[in-house]
Every structure is written in structure tokens, then in C-alpha cells.
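# Fold and contact review
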Amino acid sequence: MKSGRARGWTVREVVGLAALSVVSGLVFAVWSHLVAPVAFGVAGHLGVGAIYGMWYIGATLPAYVLRRRWAAFLGETIGAIVELLLVSPYSVLLYYYGPAQGIMSEAAFALRRYRRWGYGTMVLAGALPVIASYPFDCLVSPFYPTCRLYPPELHVAIVAAMVLSGALLGGVLIKAVVDALVSAGRLRGWPVAQAEGLQGEAR
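Keep in mind that what you see is a predicted model, and the values were worked out from it rather than measured.

### A look at the overall build of the chain
Regarding its fold elements, the chain presents 9 helices and 0 strands. In the chain, the succession of α and β elements from N to C terminus is α-α-α-α-α-α-α-α-α. Its C-alpha atoms put the chain at 50 × 35 × 30 Å along the principal axes. Put simply, the chain has 203 residues, and 50% of those count as buried. If you take every contact in the chain between residues at least 6 apart in sequence, the share linking residues at least 24 apart comes to 76%. With an accessible surface of roughly 9,400 Å², the chain has 72% of that area assigned to carbon and sulfur atoms. Distance between charge centres in the chain, computed from 16 positive and 9 negative side chains, equals 12 Å.

Here it is as C-alpha cells:
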């Protein structure tokens with residue numbers, strides 16, 4: 001099945017994108033208000049890096065379900081806006097995080113020409129947003145004021161944690177959960193369920 005086709009979006013797909021983006025935004029809010037403070041309290045910036053990947057699902061979830069160009073970018077951007085409306089502690093920083101992270105995931109799907117949706121593609125889509133996130137965390141965000149003073153080995157450890165988290169939470173977890181829903185017949189009629197066999201996608 002060729003995906004990411006050039007035809008216009010259907011009303012159903014737009015509604016699906018909106019719904020998945022709202023779900024992602026709610027998850028973002030929980031992560032920002034509850035999970036991230038605990039992670040930071042336990043292991044500082046490294047702890048946040050280890051749970052960072054959940055903030056990338058706004059891109060990978062709608063892209064994997066809808067198989068459409070720009071679904072990753074739009075999904076992550078809208079998800080960030082939803083989080084912002086829920087009074088996120090990250091406030092206006094989300095105007096950067098959403099689009100920047102979304103375009104990096106979008107780049108991963110574009111590299112595979114929107115035709116390969118296996119674990120390799122999803123891992124890449126979950127990991128690439130780190131390129132947009134970490135420099136901004138370190139140079140702009142007020143949440144990590146000493147980041148510029150970190151020793152090189154700590155920068156490497158944080159980036160590695162973020163990449164691993166993005167790959168697992170933003171990539172592997174999303175694909176596994178959605179594939180399970182498809183197998184259970186919960187996503188009939190959506191592009192992910194119309195793809196040619198889940199086993200053929202696992203490459």
C-alpha cells in the first residue's frame with residue numbers, strides 16, 4: 001500500500017488527526033505536570049531525558065495511524081497547543097517545541113517516502129526530535145539554567161537517554177500499541193488497518 005499520498009485530506013482523516021492530537025496533548029499535560037517533576041527530582045536533567053520520548057508521540061501516533069504527509073508535524077503541533085491550553089508549566093516554549101519536534105519526526109517518514117512503517121522507521125521518527133529538543137533545552141529553556149556548564153560526558157548521557165526514550169516511547173511503544181489495536185479490530189477503516197499485513201511492515 002502506498003501511503004502519504006498526494007490527494008487531499010478527507011473529513012474523517014482531519015477529525016482523526018484532531019482526536020489523536022487531543023489525546024497526545026492530554027498525555028503531554030500529565031507528563032509535564034506529574035511525571036517530569038518526579039523524574040527531575042530523582043535524576044535531574046538526565047532523569048527528564050529518560051522519559052522525554054513521550055513528548056514525541058504527538059507526531060508518531062497520528063502519522064502511524066493516518067499514513068499521511070504532514071500528519072506528524074500537525075499532530076505534534078496541535079498536541080503542544082492542547083497542552084498549552086491546559087496551563088502547561090512550559091508555557092510559550094511549546095510554540096517552539098511542538099512544530100520543531102514535529103518537523104523532525106516528519107523528516108523521518110519523508111526519508112522513507114511514507115512507504116515504510118516498520119520499527120526502523122518508527123524508531124527513527126521517535127529519535128530525530130532530539131535534534132530539535134536538546135539544544136533548545138540547554139540554550140533557551142529556563143528549566144535547566146546550568147545546562148551550559150555541564151561536563152561533556154553529562155551532555156552525552158542526556159542526549160543518549162533522550163534518543164533511547166524517543167526511540168522506545170515515541171517509536172516502538174506507539175507501533176506496538178497501535179498494531180495491537182489493529183489486531184483486535186479496533187481501527188477498522190483507518191489506513192494503518194488497511195496496510196498490507198503487519199508482519200510485512202515489521203522490517
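Now that the structure is up, let's keep going.
### Here we look at the packing of aromatic side chains
With the rule as written, the count across this model stands at 10 aromatic pairs. Between the aromatic rings of Trp 70 and Phe 73, the centroid separation amounts to 6.0 Å while the plane-to-plane angle is 80°, which identifies the pairing as edge-to-face. Given a relative accessible area of 46%, Trp 70 falls into the partly exposed group. Ring geometry for Tyr 96 and Phe 136: centres 4.0 Å apart, planes at 15°, overall stacked. You can see Tyr 96 sitting in helix α4 (residues 94–111) and its partner Phe 136 sitting in helix α6 (residues 130–139), a full 40 residues away along the chain. Overall, Phe 136 belongs to the buried group, its relative accessible area being 14%. An aromatic cluster of three or more residues is present, and its members are Tyr 52, Trp 55, Tyr 56, Tyr 90 and Phe 143. Cation over ring: Arg 67 sits above Tyr 64, and NZ or CZ is 4.6 Å from the ring centre. Sitting above the plane of the Tyr 119 ring, Lys 175 keeps its charged end 5.0 Å from the centroid.

### Describing the confidence of the model for the chain
Per-residue pLDDT for the chain has a mean of 94; in total, 93% of the residues score no lower than 70. Segment residues 198–203 is flagged for pLDDT under 50; beyond a separation of four residues in sequence, or across chains, it makes 15 contacts in the model.

### Here's the deal with a nonpolar patch on the surface
Taken together, the side chains of Trp 70, Leu 74, Ile 78 and Ile 103 define a hydrophobic patch exposed on the protein surface, amounting to about 320 Å² of accessible area. Note on placement: Leu 74 falls in helix α3 (residues 71–85).

### Digging into the pattern of salt bridges
Oppositely charged side chains can pair when the atoms bearing their charge come close. The final tally for this structure, using the stated rule, is 2 salt bridges. A salt bridge links Glu 13 to Arg 68, with the nearest nitrogen and oxygen atoms 2.7 Å apart. With a gap of 55 residues between them, Glu 13 in helix α1 (residues 11–51) and Arg 68 in the loop between α2 (57–66) and α3 connect regions that are remote in the sequence. By relative accessible area, Glu 13 is classed as buried at 4%. The exposure class of Arg 68 is buried, given its relative accessible area of 2%.

### Let's talk about the nonpolar core
Considering soluble globular proteins, one finds that nonpolar side chains tend to be buried as a cluster. In terms of nonpolar packing, the biggest core is built from 51 residues, with Trp 55, Val 65, Phe 109, Tyr 134, Val 178 and Val 192 touching the most fellow members. Put simply, the parts of the chain that give this core at least two residues each are α1, α2, α3, α4, α5 (119–127), α6 and α7 (152–183). Here this core gets 8 residues from one element, more than from any other, and that element is α1. The residues contacting Val 65, other than those within four sequence positions of it, are Leu 20, Val 178, Trp 190, Pro 191 and Val 192.

### A short note on α5
What α5 keeps buried is the set Thr 121, Met 122, Ala 125, Gly 126 and Ala 127. Summarising the contacts, the buried residues of α5 are in contact with α2, α4, α6 and α7.

### Looking at the side chain of Glu 106
Assignment of secondary structure puts Glu 106 in helix α4. Buried and without a salt bridge, Glu 106 has Arg 69 as its closest oppositely charged side chain, separated by 6.9 Å. Each residue touching Glu 106, except ones within four places of it in the same chain, is listed here: Arg 68, Arg 69, Trp 70, Ala 71, Ala 72, Phe 73 and Tyr 114.

Each value, and the rule that gives it
Residues numbered from 1 in each chain as written. Predicted model: local features only at pLDDT ≥ 70, side-chain atom pairs only at ≥ 80, totals over all residues. Heavy atoms only, no water. Helix = DSSP H or I, 4+ residues; strand = E, 2+ residues; numbered from the N terminus. Buried < 20%, exposed > 50% of the residue type's maximum accessible area, 1.4 Å probe, protein only. Contact = heavy atoms within 4.5 Å. Areas by Shrake-Rupley, 256 points an atom, 1.4 Å probe, with all protein chains shown as cover. Lys, Arg positive; Asp, Glu negative; His and termini not counted. Charge placed at Lys NZ, Arg CZ, Asp CG, Glu CD. Phe/Tyr/Trp six-rings, centres within 6.5 Å; stacked < 30°, edge-to-face > 60°. Lys NZ or Arg CZ within 6 Å of the ring centre and 35° of its normal. pLDDT = per-residue confidence, 0-100. Patch = residues over 30% accessible without salt bridge, like charges linked within 9 Å, V, L, I, M, F, W, Y side chains within 5 Å. Salt bridge = Lys/Arg side-chain N within 4 Å of Asp/Glu carboxyl O. Core = buried A, V, L, I, M, F, W, Y, C linked by side-chain atoms within 4.5 Å.

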